[in-house]
Amino acid sequence: MELRVETMEGSDLPVGSYVGVRVGDVLKQGRYEPSRCYHFPQVDRRRNAKIDIYQHVGSCVVAVDPDTKSSHEVPVQSTDPAYGNMKLKVHVQAKANDVNKEVREARTKALKNQAKDYLTKHSIEDRLSEAVKALLKEQPSDPTEFLVKHLRGEVTADPAAKPKPAPAPEPAP
């Protein structure tokens, strides 16, 4: 099922409005756009759709780790000067019996192993290490170009490279 919400002729929503459409337990939200369709799973009987109109007041970002209990005090960046200095306290806690933790850990381990195998198969770590060593030795005027050429195997001496300092004379005994 899909719903589309648009203003009637002669009626406007405030600039920057958001629309929330709820059918049963499913909520869809987004910035108001008359052409936007809100897609819902098929319903088994006649339902009411609740439509809310919101105005964006501010936003913030909080890092959440499902494996760590934490609290964060977060400043909210307001889009309206009338709402200055807003702060939120956000508490994060995993469910007591989080069965997905083992699945996430296994997936993370598999992804790390896959990445490590890829890097090893293509000798990426060794090639990057050699390129950085050569970069530090040559100290070319364009380090990015030097690295690219080194990784492609097209390395040539850079005439604009820093001259290497002469070795210090050894003291006489």
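Summary of the structure given here. (Residues numbered from 1 in each chain as written. Predicted model: local features only at pLDDT ≥ 70, side-chain atom pairs only at ≥ 80, totals over all residues. Heavy atoms only, no water.)

Remarks on the overall build of the protein chain
Part 1: Across its full length, the protein chain carries 3 helices and 8 strands.
Part 2: Going from the N terminus to the C terminus, the protein chain shows its helices and strands as β-β-β-β-β-β-β-β-α-α-α.
Part 3: A buried classification covers 12% of the 173 residues belonging to the protein chain.
Part 4: When contacts within the protein chain are restricted to residue pairs at least 6 apart in sequence, long-range pairs at least 24 apart make up 41% of them.
Part 5: Surface exposure of the protein chain reaches about 14500 Å², of which carbon and sulfur atoms provide 53%. (Helix = DSSP H or I, 4+ residues; strand = E, 2+ residues; numbered from the N terminus. Buried < 20%, exposed > 50% of the residue type's maximum accessible area, 1.4 Å probe, protein only. Contact = heavy atoms within 4.5 Å. Areas by Shrake-Rupley, 256 points an atom, 1.4 Å probe, with all protein chains shown as cover.)

What about helix α2 (residues 124–138)?
Part 1: The terminal C-alpha atoms of α2, which comprises 15 residues, lie 21 Å apart, in line with the 21 Å expected from a rise of 1.5 Å per residue.
Part 2: Along α2, the positions that sit buried rather than exposed are A131, A134 and L135. Viewed end-on, α2 has its buried residues packed into an arc of 105 degrees, placing them on one side of the element. The outward face of α2, more than 90 degrees from its buried face, is lined by the exposed residues E125, D126, K133, L136 and K137.
Part 3: Looking at the buried positions of α2, the neighbouring elements they touch are α3 (143–152).
Part 4: Backbone geometry just after α2 places Q139 at a positive phi near 45 degrees. (Expected span 1.5 Å × (residues − 1). Arc of directions from axis to C-beta.)

Examining unusual backbone geometry
If a residue is not glycine, its phi is most likely negative; likewise, a peptide bond is most likely trans.
Part 1: We note that S123 has phi near 50 degrees; this positive angle belongs to a residue other than glycine.
Part 2: The backbone phi angle of Q139 is positive, close to 45 degrees, even though this residue is not glycine.

Some thoughts on the nonpolar core
Part 1: If you look at the biggest cluster of nonpolar residues, it comprises 8 residues: L3, V5, V19, V21, V23, Y32, Y38 and F40.
Part 2: Apart from the residues within four sequence positions on either side, V21 is in contact with L3, V5, V26, L27, K28, Y38, F40, K50 and I51. (Core = buried A, V, L, I, M, F, W, Y, C linked by side-chain atoms within 4.5 Å.)

A word on the environment of R22
Part 1: Within the secondary structure, R22 sits in strand β2 (residues 17–23).
Part 2: Separated by 18 residues in the primary sequence, R22 and F40 have C-alpha atoms spaced 9.1 Å apart.
Part 3: Excluding anything up to four places from it in sequence, R22 contacts L27, N48, A49 and K50.

Section: the sheet that holds strand β5 (residues 49–55)
Part 1: In spatial order, the strands read β3-β2-β5; together these 3 strands make up an open sheet with antiparallel pairing. At either margin of the open sheet sits one strand with a lone partner, and together these are β3 (26–31) and β5. Between one strand and the next, the sheet's axes are offset by a mean angle of 15 degrees, whatever the strand orientation.
Part 2: The pairing of β2 with β3 spans 6 bridges and is classified as antiparallel. (Pairing = 2+ DSSP bridges. Axes fitted to C-alpha atoms, helices over the stretch in contact; angles between N-to-C directions.)

Details of the side chain of S70
Part 1: Considering the arrangement of structural elements, one finds S70 in strand β7 (residues 70–78).
Part 2: A distance of 3.1 Å separates a polar atom in the side chain of S70 from a polar atom in the side chain of H72.
Part 3: Not counting residues up to four positions away in its chain, the partners in contact with S70 are V90, H91 and V92. (Polar contact = N/O pair within 3.5 Å; in protein donor to acceptor, adjacent residues only side chain to side chain.)

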